[in-house]
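Residue-level listing of the chains:
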Amino acid sequence: MKETKTYFIITYGCQMNVHDSELLGGMLEEIGYHQAEEMEEADLIILNTCVIRENAELKVYGKIGSLKRLKDKDPALIIAVGGCMMQSNEAVEELYKKYPQVDLIFGTHNIHHLPDLISTIEKERGRIVEVWDKEEGLIPDLPSSREDDKKAWVSIIQGCNNFCTYCIVPYVRGRERSRPLKDIVKEVTQLAEDGVIEITLLGQNVNSYGKDLAGNIDFASLLEEIDKVTGIERIRYMTSHPRDFNAELIEVINSSDKVCEHFHLPIQSGSNQILKKMNRGYTREEYLDLVKMIRQTIPEASITTDFIVGFPGESEEDFQDTLNMVEEVRFDSAFTFIYSSRTGTPAAKMEVQIAEEIKKERLARLMELQNEISLEINRDLLNQEVEVLVEGESKNNSEVFCGRDRKNKLVLFPKRKDIIGKIIRVRITDVKSFNLYGEIISV
Ligand code: SAH
Ligand code: SF4
Ligand code: F3S
């Protein structure tokens, strides 16, 4: 074994997984590992997996298959697979049987055991499977290895109790468990002391925060507490459920200078019949009322969403309701997904699954309409000034810098020295559906 051991983590799925990977990295650093620059040179490779849709799973299998080559070259390499996909017995069996290159399989409820599991493998070699069926309270507070100095994820609630009929998350992430308010405030205060200026509060449904805690604590009161932390300039949160959003929360967001004017409110469908079958707990009319309430209080708010097309039983008429919802609300942007049947969820057993070609064709129509609207909305920003937290070089164009404005829009602008990690002002000079271009006004 080399003197310094190195790790490389590949993360699939949502921000919960991104954050979990930071915790996995943090724990490994405590037992002497360092992050490898390249996967090929790491002594330990971890895949943090996702099962939200079938293609997420296929990507993971493809990747594990390709790692065999590295394992053949270096049998001392440790390959570990964790995350949401590993909460399914079938996936674990498949991996264990067909992919002998995998040394360790762990789940979402026992990430804090990673250091022990790795130490055991280092000493004894052999293969280990440790997946817990159920959560055992909260995952304890863990050290974190963060990619960004200025932005940080803060977990506020784990799990989900909503059981939307298409969704696997409640089965792989367990029931809702809120972190105590004082622990969250302590973490945010520490982050601010370390120089972090933007935090994103994380949970599958942040609006459920506090329901399982003693006292009168809810998401609105948590935001009020975090708003008081000196040094934090921007507060974001994800994801919020439209059903649990209320006037009080909108008021708290409005009266805070730090909470950003961005509302990500996944709608999934514009058809009441489909929303009911999805068990989303709101109607199209209630969603529209919520949008109205937000825009009355915060006229400049951006509203973004998620859609699923091709849910079982979705007729052309239902889909038209989705399209006219897009026109009625005029979302700033939307993530659009093709329904993917997940074994074990109620929707997988529903009759009238929609043919793949129809799903694809609906997705294309939905995206076309949304992109047009996104472009129109962005055009209204031409010549306006926006506040941007500079991230660094754009992934798609190394000639320019990028960052997000308060509405979470991606802004590209010319490079300048010493501005990474700063909040600057940019005047918008050109727009596309997915991003804005501008010139720096002041830093
Ligand atoms: N907790 C969040 C969503 C997490 S999953 C919420 O309720 O808003 C992110 C998105 O993936 C969902 O909003 C939904 O649009 C999509 N999604 C979830 N399950 C899916 C499935 N089985 N097929 C297709 N898309 C799905
Ligand atoms: Fe899935 Fe619904 Fe929970 Fe979101 S709220 S994670 S879509 S079950
Ligand atoms: Fe995927 Fe798990 Fe997130 S299933 S979307 S990584 S909670």
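What counts, and at which threshold
Per chain, residues are indexed from 1 in the order of the written sequence. By the order in which they are written, chains take letters starting at A while ligands take numbers starting at 1. Thresholds applied to this predicted model are a pLDDT of at least 70 for local features of residues and 80 or more for the giving and counting of side-chain atom pairs; totals over whole chains, interfaces and linings are not thresholded and use all residues. Each side-chain value is derived from all of the structure's non-hydrogen atoms; neither hydrogens nor water enter the calculation. The source of the domain bounds is an automatic or database domain assignment. Residue contacts are counted whenever heavy atoms from the two residues lie within 4.5 Å of one another. Buried area: the accessible area, evaluated with a 1.4 Å probe, that two parts lose upon being put together, summed over both parts. Whenever a helix is involved, its axis is fitted only over the stretch in contact; in every case the axis is a line through C-alpha atoms, and angles between N-to-C directions fall within 0 to 180 degrees. Per the convention used, a helix needs a DSSP run of H or I reaching at least four residues, while a strand needs a run of E reaching at least two, with both numbered from the N terminus. In this scheme, roughly parallel covers angles under 35 degrees and roughly antiparallel covers those over 145, while 65 to 115 is roughly perpendicular and the rest are oblique. Handedness of a crossing follows from how the near helix is turned relative to the far one, being left-handed for an anticlockwise turn of less than a right angle and right-handed for a clockwise one. The residue classification treats Ala, Val, Leu, Ile, Met, Phe, Trp, Tyr, Cys and Pro as nonpolar and Asp, Glu, Lys and Arg as charged. All others, Gly included, are polar. Definition of nearness: a residue and a molecule or strand are near each other if at least one heavy atom of the residue lies within 4 Å of the molecule or strand. Relative accessibility under 20% of the residue-type maximum defines a buried residue, over 50% an exposed one, and the middle range a partly exposed one, all with a 1.4 Å probe and only protein chains included. By definition, the arc is the one covered by directions from the helix axis to the C-beta atoms. Aromatic contacts are taken between Phe, Tyr and Trp rings whose centres are within 6.5 Å, Trp giving its six-membered ring; a plane angle under 30 degrees counts as stacked, one over 60 as edge-to-face, and the others as tilted. A cavity, in this analysis, means grid points on a 1 Å lattice covering only the protein atoms where a 1.4 Å probe fits yet has no way out; a pocket is instead an open set bounded by protein on both sides within 12 Å along at least five of seven lines, and a residue lines either one if it has an atom within 4 Å of a point. Grid points are joined across faces, edges and corners, and a volume is the space filled by probe spheres set on the points. One requirement defines pairing of two strands: DSSP has to find at least two bridges between them. UniProt positions are given in the numbering used here, feature names are shortened, and annotations may be inferred rather than shown by experiment. For this analysis, a nonpolar core means a set of buried residues of the types Ala, Val, Leu, Ile, Met, Phe, Trp, Tyr and Cys, connected via side-chain atoms within 4.5 Å.

Draft legend 1. Region of the structure containing the domain arrangement of the chain. What the domain assignment lists for the chain is domain 1 (5-130), domain 2 (148-260), domain 3 (264-380) and domain 4 (385-442). Its C-alpha centre places domain 2 at a distance of 26 Å from the equivalent point of domain 4. Between domain 2 and domain 4, the contact holds eleven residues from the first and eleven residues from the second. Across the interface of domain 2 and domain 4, roughly 820 Å² is buried in total on both sides, 47% from carbon and sulfur atoms.

Draft legend 2. Representation of the packing of helix α6 (residues 181-193) against helix α7 (residues 219-227). α7 packs onto α6 with a crossing angle of 30 degrees between their chain directions and a minimal axis gap of 10 Å. When the axis of α6 is compared with that of α7, the two are roughly parallel. Read as a crossing pair, α6 and α7 show a hand that is right-handed. Where α6 abuts α7, its residues L181, I184, V185 and V188 lie against L222, E225 and I226. Of the residues that constitute the contact of α6 with α7, the class distribution is six nonpolar, no polar and one charged.

Draft legend 3. Fine view of the site of ligand 2. Around ligand 2 sit C160, N162, F163, C164, Y166, C167, V169, P170, Q204, H241 and R280, and that is every residue in its neighbourhood. Tallied by class, the residues present in the shell around ligand 2 amount to seven nonpolar, three polar and one charged.

Draft legend 4. Summary view of helix α8 (residues 247-255). Taken as a whole, α8 has its buried residues at L249, I250, V252 and I253. An end-on view of α8 places all buried positions within 160 degrees of arc, on one side of the element. Contact partners of the buried residues in α8: α7, β11 (234-238), β12 (262-264) and α10 (284-297).

Draft legend 5. Seen up close, unusual backbone geometry. The residue after M238, namely T239, is reached through a cis peptide bond having omega -5 degrees. The topology assignment puts T239 in the loop between β11 and α8. Phi angles above zero are rare outside glycine, and R330 is one such case at about 55 degrees. Overall, the relative accessible area of 33% leaves R330 in the partly exposed class.

Draft legend 6. Broad picture of the packing of aromatic side chains. For the structure shown, the criterion picks out nine aromatic pairs. Summarising the aromatic geometry, the rings of F219 and Y237 are spaced 5.4 Å apart at their centres and angled 70 degrees between planes, so their arrangement reads as edge-to-face. Of the two residues, F219 is situated in helix α7 and Y237 in strand β11; the sequence distance between them amounts to 18 residues. Through pairs of rings, three or more aromatic residues link up here, namely Y282, Y287, F307 and F331.

Draft legend 7. Molecular detail of the layout of surface pockets. The calculated volume of the second largest pocket comes to roughly 640 Å³. As for the second largest pocket, its lining consists of 30 residues, of which H19, L23, L142, R179 and E187 are closest to the centre. Contributions of two or more residues to the lining of the second largest pocket are made by α1 (15-30), β7 (151-155), β8 (157-158) and α6. The biggest single contributor to the lining of the second largest pocket is α6, with five residues. Residue composition of the lining of the second largest pocket, by class: eleven nonpolar, nine polar and ten charged. Split by domain, the lining of the second largest pocket shows at least three residues from each of two domains, domain 1 (5-130) and domain 2 (148-260).

Draft legend 8. Summary view of the pairing of strand β17 (residues 410-414). Two strands pair when backbone bridges link them, and strand β16 (residues 400-405) and β17 are joined in this way by five bridges, in the antiparallel orientation. Within β17, the residue paired with V400 across the bridge is P414. Taking the residues that link successive antiparallel strands as the turn, the β16-β17 hairpin has four residues, and the phi of N408 there is positive, at about 75 degrees. Of the pairings in the sheet, the one linking β17 to strand β19 (residues 435-442) comprises three bridges and is parallel in character. Its bridge partner lying in β19, L410 is registered against N435.

Draft legend 9. Quick peek at the UniProt feature "domain: Radical SAM core" (unreviewed entry) in the chain. Here, UniProt's "domain: Radical SAM core" (unreviewed entry) annotation points to residues 146-376. Strand forms 16% of residues 146-376 and helix 40%; the C-alpha atoms that close the span are 36 Å apart.

Draft legend 10. How the structure looks around the UniProt feature "binding site: [4Fe-4S] cluster 2" (unreviewed entry) in the chain. Annotation from UniProt places "binding site: [4Fe-4S] cluster 2" (unreviewed entry) at C160, C164 and C167. In this structure, C160 sits in the loop between β8 and α5 (169-173). Sequence-distant contacts of C160, defined by excluding residues within four places in its chain, comprise V169, P170, G174, R175, E176 and Q204. Mapped onto the elements of the fold, C167 is located in the loop between β8 and α5.

Draft legend 11. Focus on the nonpolar core. Among the nonpolar cores identified, the biggest contains 56 residues, and I199, L201, F219, F263 and Y287 are the most heavily contacted of them. Looking at this core, the element that brings in the most residues is α6, giving six residues. Each of two domains, domain 2 (148-260) and domain 3 (264-380), supplies a minimum of three residues to this core. Apart from residues lying up to four places away in sequence, F219 is in contact with I156, L201, V206, N207, Y209, Y237 and L249.

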